[in-house]
Amino acid sequence: MKLLKNIAKWVVVAFFGTTILAVVALRFIPVYITPLMVIRCIEQKKEGKPLKLKHHWMPLDKMSPSMPVAVMASEDARFLKHHGFDYEAIEKAAIHNLDHKNKHGASTITQQTAKNVFLWPGRSWLRKGLEAYFSVLIELVWGKHRIMEVYLNSIEMGDGIYGADAVAHENFDCSAEELTRANCALIAATLPNPRRFSSKTPSDYMVKRKFRIMKEMRYIPLFPKKGQDVDMKTAE
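Residues numbered from 1 in each chain as written. Predicted model: local features only at pLDDT ≥ 70, side-chain atom pairs only at ≥ 80, totals over all residues. Heavy atoms only, no water.

A.B. asks: I would appreciate a short explanation of the side chain of Q44 in the present structure.
C.D. replies: Position of Q44 among the secondary structure elements: in helix α2 (residues 35–46). With residues up to four places along the chain from it excluded, the contact list for Q44 reads K49, P50, L51, K52, D159 and G160. (Helix = DSSP H or I, 4+ residues; strand = E, 2+ residues; numbered from the N terminus. Contact = heavy atoms within 4.5 Å.)

A.B. asks: How should helix α9 (residues 181–190) be read in this particular structure?
C.D. replies: Residues three or four positions apart in an α-helix share a direction because the helix packs 3.6 residues into each turn. With eight of its ten residues buried, α9 lies for the most part within the structure. For α9, the elements touching its buried residues are α3 (66–75), β2 (156–158), α8 (164–172) and α10 (204–217). (Buried < 20%, exposed > 50% of the residue type's maximum accessible area, 1.4 Å probe, protein only.)

A.B. asks: So what exactly am I meant to see when it comes to unusual backbone geometry here?
C.D. replies: What you tend to see is this: most non-glycine residues have negative phi, and most peptide bonds are trans. The phi torsion at D173 lies on the positive side, around 55 degrees, for a residue other than glycine. Along the polypeptide, D173 turns up in the loop between α8 and α9. On the accessibility criterion, D173 (71% relative accessible area) is exposed.

A.B. asks: It is not clear to me how the nonpolar core should be interpreted in this structure. Could you clarify?
C.D. replies: Considering soluble globular proteins, one finds that nonpolar side chains tend to be buried as a cluster. Membership of the largest hydrophobic core comes to 56 residues, with the highest contact counts inside it found for V71, F118, M148, L152 and L179. Broken down by secondary-structure element, the contributors of at least two residues to this core are α3, α5 (109–118), α6 (125–141), α7 (143–154), α8, α9 and α10. Beyond its immediate stretch of four places on either side in the chain, V71 contacts D76, I109, M148, Y151, L152, A188 and L191. (Core = buried A, V, L, I, M, F, W, Y, C linked by side-chain atoms within 4.5 Å.)

A.B. asks: Would you explain the packing of aromatic side chains in this entry?
C.D. replies: Think of a pair of aromatic rings as described by two things: how far the centres are apart, and how the planes are tilted against each other in angle. Counting across every chain of the model gives eight aromatic pairs. Measuring from centroid to centroid gives 5.2 Å for Y133 and F134, while their planes differ by 65 degrees, and the two rings are edge-to-face. Assessed through its relative accessible area of 6%, F134 is described here as buried. Note on F197 and Y205: the rings are 5.7 Å apart at their centroids and 50 degrees apart in plane angle, and the pair reads as tilted. (Phe/Tyr/Trp six-rings, centres within 6.5 Å; stacked < 30°, edge-to-face > 60°.)

A.B. asks: So what exactly am I meant to see when it comes to the sheet that holds strand β3 (residues 161–162) here?
C.D. replies: The strands that make up a sheet are held in pairs by hydrogen bonds between backbone atoms, and each pair lies either parallel or antiparallel. Spatially, the three strands line up as an open sheet ordered β1-β3-β2, and their pairing is mixed. Edge positions in the open sheet fall to β1 (54–55) and β2, since each of these has one partner strand only. With two bridges connecting them, β1 and β3 associate as parallel partners. Considered in β3, the bridge of H55 is made with Y162. (Pairing = 2+ DSSP bridges.)

A.B. asks: Help me out: how do you make sense of the packing of α9 against α10 in this one?
C.D. replies: Each packed pair of helices is defined by two parameters, the angle between the axes and the distance between the axes. Contact geometry of α9 with α10 gives a least axis separation of 8 Å together with a crossing angle of 115 degrees. Classified by chirality, the crossing of α10 by α9 is right-handed. Contacts between α9 and α10 involve R181, A182, A185, L186, A188, A189 and T190 from the first element and M206, R209, K210, I213, M214 and M217 from the second. Broken down by class, the residue content of the contact of α9 with α10 amounts to nine nonpolar, one polar and three charged. (Axes fitted to C-alpha atoms, helices over the stretch in contact; angles between N-to-C directions. Left-handed = near helix turned anticlockwise from the far one by under 90°. Nonpolar A, V, L, I, M, F, W, Y, C, P; charged D, E, K, R; others polar.)

Structure follows, in C-alpha cells:
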C-alpha cells in the first residue's frame, strides 16, 4: 500500500511538473506541431489520401489586425474580458440546449487553444477536465496576446491547413499580413467546421456568415499589440 501511495504521489508530481514546464516553454517557443495535426495525418494515411500538412508560424503582430478581431467576433466576443471561461456564454448555451436539438457550445478561444495544443479531440469528462486545467495555466502563464497568437497559428482552418498564414497562402494567395477584413471574416466563418466549410470556395451560407461576422467586428476592439495592456473598459 505504501509503495502504491509513493507511485501515485510521483505520478502526480511528474504530471504537474511536466505540464507546467511545457506551458512555460511554449510561452516563448513557436508551436510547430500539435496532437491534432498528428491525428489528421494518421487519418489521411488510413484513408489512403496523400499527406497534407500546411502550417507556417507567424507572430501575431505581423498578421492582419482584422484576423484576431474576426475570430473574436465569430468565436469569443468576450475574450479580452474573461479569464478563460465565459460563464455568461455557458449559461446561455445550457438554457438553449435544454429545448433545442442543435446544441450550442461555449468554448472560449482559451479553451480551444488548450485543446488544440495539449490534448486530443473528444468529449470525454477526462479531456474536458484537462482542458479546464490547461486553460487556467495558459491564462496565468501566457496571457491574452500569446493565447491569441498560438490560437491563430495552430487552429485547423481547412483540410490539412493550420493557422492564419497557411490558409492565407492556400486560399487567398497572400500572407496573413495581407489578408483583408473580408478575408478574415470569411476564414472565421469556417471555424465551426473548417473541414466541411471552405474559405476558398465559400457556399452562400458561408458568405452570409461572413457578412454577419463583419457586422459584429464593428463592436470588437482592435487587439492590443505585444506589450500593451488589455483595456478591459474598451473590451466591454
